[in-house]
Amino acid sequence: MDMSDAVIVKSSRLKSVVWNDFDRIKKGDTCVAVCRHCNKKLSGSSTSGTSHLRNHLIRCQRRSNHGIAQYITAREKRKEGTLAIANFSLDQDPSKDETLSLVNIKFEQTQLKDESVNTGTSIFDQRRSRFDLARMIILHGYPLAMVEHVGFRAFVKNLQPLFELVTMNRVEADCIEIYEKERKKMNEMLDKLPGKISISADVWTATGDAEYLCLTSNHIDESWQLRRRILNFIRIDPSHTEDMLSEAVMSCLMDWDIDRKLFSMILDSCSTCDNIATRIGERLMQNRFLYCNGQLFDIRCVANVLNVMSQLALGAISEIVYKIRETTRYIKSSQTVLAKFNEMAKEVGIMTQKCLFLDNPLQWNSTYAMLEAALEFKDVLILLQENDPAYNICLSEVEWERLNAVTSYLKLFVEVINIFTRNKYPTANIYFPELCDVKLHLIEWCKNSDACISSLVLKLRSKFDEYWDKCSLGLAVAAMLDPRFKMKLVDYYYPQIYGSTSASRIEEVFEGVKALYNEHSIGSPLASHDQGLAWQVGNGSGTLCLPWSGKDSRDRLMGFDKFLHETSQGEGAKSDLEKYLEEPLFPRNVDFNILNWWRVHTPRYPVLSMMARNVLGIPMSKVAPELAFNYSGRVLDRDWSSLNPATVQALVCSQDWIRSELEN
């Protein structure tokens, strides 16, 4: 349109705020609104309204963001507590990949009227925005100091000029306030749990050789979901005695008021942990908080045990591992040597897809893979030694045999750990068959005639037997609670493991199962409501805890209770445990969910389901999947490491709680 003879119209009737950014120009009978920022021409007719002008200002890239809130209509206003930016176009002709959509990210800070600023039809809340910032820092592990970075401050000021920039001290205080609010919610959740709690303990390292003790709760909630939550993250001194460490753990448990709810404690396999577990167990036993005299309390992390065993195995062939690394470096040192090696591989007829590579010494499964690849090229490496005078670090035949034996051990350990880490939250029933298999292999490996290998296997077996003696009862009970196996897995594996003494070992497991069931049946509200009578399993037959014992003498139905007891005995009434064990095994299939099975069958087995909830929630392995093969433990972020220990605890715990809430 030719605007050469157009005139700007100024009228008192143009009261909308959009006219602060548009000129209304008239040419003949046509009115046009011209954007003062990008000169785009839009309809300026009085019948067109101003909505299209508002929409243009929101999209106009040449226009500053300052004051943009006043053009967002009331219907586009965010719902309180929810950030929802959907289909926000970045230009006039947006494509699908240029659309920003953030949904279902909840923020729960309440607004304060004196900190809210009304900008037309939108309300800016300084306090809420401040806490959104703090939650973002917690959730993503950002450094607190980012709020004082020049680039961040410039970005925020351009994005929302009304936001008052905060200092690092202010955002630290906000993070602690969020922690206190989340901690209160966590306290309420733990208080309402229907079952017991298992606690796992890990040591994290931080910059400057500092160490933190991380206590994590593991439990199955009312919906039969396995949950893990970090409860404490406390600074410890490496010089602290075992008494001081056990006292620190007890103090945390009592602070959460869960010492009376504790079922088991999962620690690494070492002498220090032995003493700590003993001290804490003795404290809890004094108050009779533990089941079965604490037989299921002290559990060791199986992934840690297998990691220690793998280190022993690799340590026994450290010279061989060194030679394999140097061989790989030599072959990859020049294209000539590599070409010669590949040519020899063709001559020998190697068809494998594997290739030689250097391992990551901090990840022992990487070392295993390197050794396994070297074994594939054994014949090629022997041929290389015969034809290349410069290559003089090839293994002897004895070394190849030892490498083959140790690699087979590592292969089993890798496969077992992979099964344990396949699920994020594995239940306790999956461990028994895999560890029985490890024990049977150790028995077989002891038959190796090589003195070096035989000596190694004795060390491996000693380490595993130490774990087995402490944890096999818990493993067997958890397997018994799997309706696909019940006691049949114990009946299958124990004769292979124990031979002629297997009958007494199986009886020990069954007596442990009955004792644990009996303790769960005492005072069970589910048993009294769903079964009418509190049954306990005795030796061979059901014995009854008489329901009228200790009742008010004026109870008119005491005689009925006695009659019901006598007639039930005559009819051979059975306990949960007896019914469960007598019924057929549930068919095995890949989609089986044991927690869902117990959720559905709780009405049929009210007492046994309580026992299942407590036992299946034990984290037999507490190592995170990404650290399952790592020699080093968890390491705290460098930026957070420099903060006050109380702030570190607030950040780590809050991050875990908020992430868990978002996942759920």
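Since this is a predicted model, take the numbers as computed values, not measurements.

Undergrad: Could you clarify how one ought to interpret the packing of aromatic side chains in this entry?
TA: Aromatic ring pairs are defined here through the distance separating the ring centres and the angle between the ring planes. Applying the stated rule across the entire model yields 27 aromatic pairs. Between F432 and Y494 the ring centres are 6.1 Å apart and the planes differ by 40 degrees, which places this aromatic pair in the tilted class. Here F432, found in helix α13 (residues 431-445), pairs with Y494, found in helix α15 (residues 488-498); they are 62 residues apart in sequence, far enough to count as distant. When sorted by exposure, F432 lands in the same class as Y494, which is buried. Put simply, the rings of F432, F464, Y467, W468, Y492, Y493, Y494 and Y498 touch in pairs and so form one group of aromatic residues. One Lys or Arg, R183, reaches over the ring of W256 and ends 4.0 Å from the middle of that ring. In this structure, R613 packs its charged tip against the face of W224, placed 4.3 Å from the ring centre.

Undergrad: Which parts of the structure should I look at to understand a nonpolar patch on the surface?
TA: A cluster of nonpolar side chains, contributed by L557, F560 and F563, occupies part of the molecular surface with about 320 Å² of accessible area. Inspection of the secondary structure puts L557 in the loop between β15 (542-544) and α18 (558-570).

Undergrad: Explanation requested: the nonpolar core in the structure shown.
TA: Across soluble globular proteins, nonpolar side chains show a tendency to be buried alongside one another. Grouped together as the largest cluster of nonpolar side chains are 110 residues, with contacts concentrated most on F432, W468 and W598. A total of 15 residues in this core trace back to one element, the largest contributor, which is helix α14 (residues 451-480). Ignoring anything within four residues of it in the chain, the contact list for W598 reads W224, L481, P483, Y580, Y605, L608, S609, A612 and L616. Core analysis: the second largest hydrophobic core is formed by 63 residues, A134, L190, L643 and I658 among them.

Undergrad: Would you mind going over the pairing of strand β12 (residues 262-267) with me for this structure?
TA: Each regular strand displays side chains that alternate between the two surfaces of the sheet. Most of β12 is tucked away: 6 of the 6 residues are buried. One ladder, built from 4 bridges, connects strand β9 (residues 197-205) with β12; its direction is parallel. Across the sheet, S198 pairs through a bridge with S264, a residue of β12. When β12 meets strand β13 (residues 298-300), the two strands line up parallel, connected through 3 bridges.

Undergrad: How should I be thinking about unusual backbone geometry in this particular structure?
TA: In most cases, non-glycine residues show a negative phi, while peptide bonds are predominantly trans. Phi at N39 is positive, roughly 65 degrees, even though this residue is not glycine. You can see N39 is positioned in the loop between β3 (30-35) and β4 (41-43). The phi dihedral of W224 is positive, around 60 degrees, even though this residue is not glycine. Position of W224 relative to the elements: it lies in the loop between β10 (211-220) and β11 (226-236).

Here is what the cut-offs are and how they apply
Residues numbered from 1 in each chain as written. Predicted model: local features only at pLDDT ≥ 70, side-chain atom pairs only at ≥ 80, totals over all residues. Heavy atoms only, no water. Phe/Tyr/Trp six-rings, centres within 6.5 Å; stacked < 30°, edge-to-face > 60°. Helix = DSSP H or I, 4+ residues; strand = E, 2+ residues; numbered from the N terminus. Buried < 20%, exposed > 50% of the residue type's maximum accessible area, 1.4 Å probe, protein only. Lys NZ or Arg CZ within 6 Å of the ring centre and 35° of its normal. Patch = residues over 30% accessible without salt bridge, like charges linked within 9 Å, V, L, I, M, F, W, Y side chains within 5 Å. Areas by Shrake-Rupley, 256 points an atom, 1.4 Å probe, with all protein chains shown as cover. Salt bridge = Lys/Arg side-chain N within 4 Å of Asp/Glu carboxyl O. Core = buried A, V, L, I, M, F, W, Y, C linked by side-chain atoms within 4.5 Å. Contact = heavy atoms within 4.5 Å. Pairing = 2+ DSSP bridges.

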